[in-house]
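Coordinates in review
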Amino acid sequence: MIKLFSLKQQKKDEEGSARAGGSQKKASAAQLRITKDLNELNLPKTCSTEFPDPDDLLNFKLIICPDEGFYRGGRFVFSFKVGPNYPHEPPKVKCETAVYHPNIDLEGNVCLNILREDWKPVLTVNSIVYGLQYLFLEPNPEDPLNKEAADELQSNRRLFEQHVQRAMRGGYVGSSYFERCLK
Amino acid sequence: MFIVVTTMDSGESQVSEYQNRRWMNIRKLLERSGPFCHPDFEPSAEILDFIMNSCKVLVVGAGGLGCELLKDLALMGFKKIHIVDMDTIELSNLNRQFLFRKNDIGLSKAKCAVEFVNKRIPGCEAVAHHCTIQSLDEGFYRQFHIIVCGLDSIVARRWLNGMLVSLLEYNDDRSLDQSSVIPMVDGGTEGFKGNARVILPGMSACIECTLDLYPPQKTYPLCTIANTPRLPEHCIEYVKVIQWAKENPWGSGTALDGDDPQHVAWVYEKAQERAMKHGIANVTYRLTQGVLKNIIPAVASTNAAIAAACATEVFKLASSCCVNMNNYMILNMADGVYTYTFSAEKRQDCIACSNTPHVMEIESNATLQVIYDKLCEDQGYMMKSPGITTVINGRNKTLYMSSIKSIEERTRDNLKKKVTEMGLYNGADILVADVTTPSTITIKLKLIENEDVEMSR
Ligand SMILES: [Zn+2]
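Predicted model only: the values in this text are computed from it and were never measured.

1. What about the sheet that holds strand E2 (residues 59-64) of chain A?
The strands making up a sheet associate through hydrogen bonds between their backbones, and the pairing can be parallel or antiparallel. Residues and elements named next belong to chain A. Here we have four strands laid out as an open sheet, ordered E1-E2-E3-E4, and antiparallel in their pairing. Both edges of this open sheet fall to strand E1 (47-50) and strand E4 (92-95), since each of them pairs with a single strand only. Pairwise comparison of adjacent strand axes, ignoring direction, gives a mean angle of 25° for this sheet. Alignment of E1 against E2, held across four bridges, turns out to be antiparallel. Each residue of the ladder has a partner; that of serine 48, found in E2, is isoleucine 63.

2. Regarding the pairing of strand E2 (residues 80-84) of chain B
All names here are of chain B. Of all five residues in E2, four are buried, a share of seventy percent or more. With five bridges connecting them, strand E1 (residues 56-60) and E2 associate as parallel partners. Residue pairing across strands places valine 59 opposite isoleucine 83, the latter belonging to E2. Remark: the E1/helix H4 (residues 64-76)/E2 crossover connection has right-handed handedness. Strand direction decides the pairing type here: E2 and strand E3 (residues 127-129), joined by three bridges, are parallel. By the bridge assignment, histidine 82 is partnered in E3 with valine 127. On the question of chirality, the crossover connecting E2 to the parallel E3 by way of helix H5 (residues 109-120) is right-handed.

3. Details of the coordination of the zinc ion
All names here are of chain B. The coordination sphere of the zinc ion, as far as protein atoms go, consists of Cys206 (SG), Cys209 (SG), Cys350 (SG) and Cys353 (SG), spread over 2.2 to 2.3 Å. One chain supplies every donor for the zinc ion, spaced along it as C-x2-C-x140-C-x2-C. Given a relative accessible area of 2%, cysteine 350 falls into the buried group. The exposure class assigned to cysteine 353 is buried, which follows from its relative accessible area of 2%.

4. A look at the interface of chain A and chain B
At the junction of the two partners, chain A supplies 54 residues and chain B supplies 81 residues. With both chains or domains summed, chain A and chain B bury close to 6000 Å², and 57% of this area falls on carbon and sulfur atoms. Applying the counting criterion to the chain A and chain B interface returns three salt bridges. One salt bridge connects Asp429(B) with Lys26(A), and the closest N-O pair in it is separated by 3.7 Å. Contributions of two or more residues to the side of chain A that touches chain B are made by helix H1 (12-18), helix H2 (29-39) and E1 of chain A.

5. A closer look at the packing of aromatic side chains
A full pass over the atoms with the stated rule returns 20 aromatic pairs over all chains. Ring centres 5.2 Å apart and planes at 70° place the aromatic pair Phe140(B) and Phe144(B) in the edge-to-face group. Assessed through its relative accessible area of 10%, Phe140(B) is described here as buried. Taking the relative accessible area as the measure of exposure, Phe144(B) reaches 0% and is therefore buried. Clustering of aromatic rings is evident, with ring pairs tying together Phe70(A), Tyr100(A), Phe160(A) and Phe178(A). The residue whose ring lies beneath Arg274(B) is Tyr238(B), and the NZ or CZ to ring-centre distance is 3.5 Å.

6. Observations concerning the UniProt feature "domain: E2 binding" (unreviewed entry) in chain B
Within this numbering scheme, the UniProt entry marks residues 360-448 of chain B as carrying the feature "domain: E2 binding" (unreviewed entry). The annotated region residues 360-448 of chain B carries 19% helix and 34% strand content, and the separation between its end C-alpha atoms amounts to 10 Å.

7. A few points about the state of the cysteines
Linking two cysteines covalently through their sulfur atoms gives a disulfide. Summed over the entire model, instances satisfying the criterion amount to zero disulfides over all chains. With no disulfide of its own, Cys65(A) lies 8.0 Å from the sulfur of Cys47(A), the closest cysteine sulfur. The closest cysteine sulfur to the non-disulfide-bonded Cys112(B) is located on Cys67(B), 9.6 Å from its own sulfur.

8. Digging into the packing of helix H10 (residues 261-277) of chain B against helix H11 (residues 285-293) of chain B
Residues and elements named next belong to chain B. Running from N to C, H10 and H11 point in directions that differ by 110°, and their axes come no closer than 9 Å. Here H10 is positioned roughly perpendicular relative to H11, judged by the angle of their axes. Judged by the sense of rotation from one axis to the other, the crossing of H10 with H11 is right-handed. In contact with Pro261, Val264, Ala265, Val267 and Tyr268 of H10, H11 contributes Tyr285, Thr288, Gln289 and Leu292.

9. Some remarks on H11(B)
Residues and elements named next belong to chain B. Taken together, the buried positions of H11 are Thr288, Gly290, Val291 and Leu292. Packing partners of the buried residues in H11 comprise helix H9 (232-247) and H10. Once H11 ends, the next one or two residues include asparagine 294, with phi positive near 60°.

10. Examining the sheet that holds strand E12 (residues 387-392) of chain B
Strand order in the open sheet made by the five strands is E11-E15-E14-E12-E13 (chain B), with mixed pairing throughout. In this open sheet, the two edge strands, each paired with only one partner strand, are strand E11 (358-363) and strand E13 (395-401) of chain B. Each strand of the sheet is rotated relative to its neighbour by a mean of 35°, with strand direction disregarded. Pairing between E12(B) and strand E14 (residues 429-433) of chain B: four bridges, direction antiparallel. In the strand pairing of E14(B), Thr390(B) is matched with Ile430(B). Along the sheet, H2(A) contacts E12, E13 and E14 of chain B; its crossing angle with E14(B), the most-contacted strand, is approximately 40°. Packed on one face of the sheet, helix H13 (residues 368-377) of chain B meets E11, E12, E13, E14 and strand E15 (441-448) of chain B and runs near 135° to E11(B).

Scoring rules and cut-offs
- Counting from 1, residues in each chain are numbered in the order their sequence is written.
- For naming, the first written chain is A and the first written ligand is 1, with later ones following in the order written.
- Reporting in this predicted model follows two pLDDT cut-offs: at least 70 for local features of residues, and 80 or more for side-chain atom pairs to be given and counted; totals over whole chains, interfaces and linings ignore these cut-offs and use all residues.
- With hydrogens and water set aside, each side-chain value is computed from the structure's full complement of heavy atoms.
- For two strands to count as paired, DSSP must find a minimum of two bridges between them.
- Numbering of helices and strands starts at the N terminus; helices are DSSP runs of H or I of at least 4 residues and strands are runs of E of at least 2.
- Fitted lines through C-alpha atoms serve as axes, helices being fitted only where they are in contact, and the angles separating the N-to-C directions of these axes extend from 0 to 180 degrees.
- For the exposure calls, accessible area comes from a 1.4 Å probe over protein chains only, and a residue counts as buried if that area is under 20% of its type's maximum, exposed if over 50%, partly exposed in between.
- Call a crossover right-handed when, viewed with both strands pointing away from you, the route from the first strand across the helix to the second goes clockwise.
- In this analysis a donor is any N, O or S atom within 2.8 Å of a metal ion (3.2 Å for sodium, potassium and calcium), and since water is not included, sites may seem incomplete.
- By the convention used here, residues are in contact when the closest approach between their heavy atoms is within 4.5 Å.
- Note: buried area is the sum, over both parts, of the accessible area (probe 1.4 Å) each one loses when the two are combined.
- Salt bridges are defined by distance alone: a side-chain nitrogen of Lys or Arg within 4 Å of a carboxyl oxygen of Asp or Glu.
- Two rings from Phe, Tyr or Trp (for Trp, the six-membered ring) form a pair when their centres sit within 6.5 Å of each other. Planes less than 30 degrees apart are called stacked, planes more than 60 degrees apart edge-to-face, and all others tilted.
- Placement of a charge over a ring requires the Lys NZ or Arg CZ to be within 6 Å of the ring centre, with the centre-to-atom vector within 35 degrees of the ring normal.
- UniProt positions are given in the numbering used here, feature names are shortened, and annotations may be inferred rather than shown by experiment.
- For the purposes of this analysis, a disulfide is any pair of cysteine sulfur atoms at a distance within 2.5 Å.
- Orientation labels follow simple angle bins: below 35 degrees gives roughly parallel, above 145 gives roughly antiparallel, 65 to 115 gives roughly perpendicular, and whatever is left gives oblique.
- Here is the rule for handedness: rotate from the far helix to the near one, and if that takes an anticlockwise turn smaller than a right angle the crossing is left-handed, while a clockwise turn gives right-handed.

Put into structure tokens, the structure is as follows:
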């Protein structure tokens, strides 16, 4: 224990006003942490990032172009929004490309455990990138967000594959229209 | 304690008799030694004088914990208390925020609390600040000896922690100047559970060191709420997370506001429809509000216990009469009463308190390239691919980052620019991230006049 309050400290008053002002605003803890995360981002070769404003490291896009699996040849854009409570809370991630996928709905919500219930402050942006990449390699019909797609993947793999292809080329699957997203 | 006012000869001795009796119990702690005293404690009458007339304490938050803290501290003899809270009083506060009355609804919590305590406790000079903590500057926070928090927000705690860490000053040998340390006593409650802790910024575990101790917000797997809802909460979450964005009932771009009764009513109605479809009972308006605002019912006795623990720690810090708790106490009254104190450890890679500023000397006309090369080549750094950012006029600026292609391309030209051209100055901080350091580090630039310039003068 330190004796902070040996009675000498009474001069606080004068000190307080005298030194105020004129100093640089400090970066927030969220900002320091995301800078570290991004500087160490180790992207798989199928992924790249885009920063609309290089000074704003809290808002960016991740582009995934899978080179194998059902989604080979497609180009999928995800938006990342990192809030002031990062890394206590995960970034908000949405898929901006319409995709026929069991774990991604048509509004761009993504069902990935580490984006919600299994997020921990030790995880990084890199963990999310790998998680998202994995969703394209191994779509998981057990955790459906697009129920039709999930059921189809389980019951008729070939039909599912055809529908994924049709969606990526641009067209209707059922009543939903998908914009072309082939590279 | 009760006070007997005896009839005395003069008014003056009546006052001092009253004063003597009023502080009798506290003086027993401060004016004599005892077996539990801190080894360095020197009993004296001056300590009470310090507590009453010099020691400035800031109470952050004037809610459930804040009311308790303000009352406790004022009754202990602290007079120079400031309290900050941006909120106004609501009807639902009145069951536990006992400094407020029905007539106060709609008024500032900080102001009402201060008015009540100053009137009720003779000599108390509490001061109210009805604003956000972020709107108060360094000079404001620096005036306090101790800061005690009763907050319900992690973001606010982290902000305050960052502020107190930024006020730390270091000697030339990079050792901490202890007179710049402002202790933070932090209390938190959630229903029947609570915690109290003492933080000596730069010396013991800070909020960021122990960020994993905060329970994450309750969330449900997205696929469960979308396809296999079982609980009423799942239905409400579905409307909140998926249906709101899909239907945009107030036009696109209108965010769901848990304080807007119309928004809550809309969510409630849709959640009921969904619950009906899946055969789920018990979606109520109250639950809807609770899920949207993440409300956990507040319990008055938890607040009282945690505030008492915090106020005791403030007293110990101010007087040095007793060793402080080391350093994190938890209290659980959900099932019997359980309490436990442990020593939370300071992290060597803490983003906030391990970041003691390095100083880098460069010539005043040096370019960013000079800094970059120093970071890669100087013995003290030997970095691999440093990413360099700064804050200029409150805005973040990326100076150079080689690891991200799109940013590298757009910041490459900065390397050729003089640091002063980019708004940096003598004493400015740059933030550097690299694989070789456990977290982003702060480097203070020391610009030295170039010798050639000196000679040509
Ligand atoms: Zn820390």
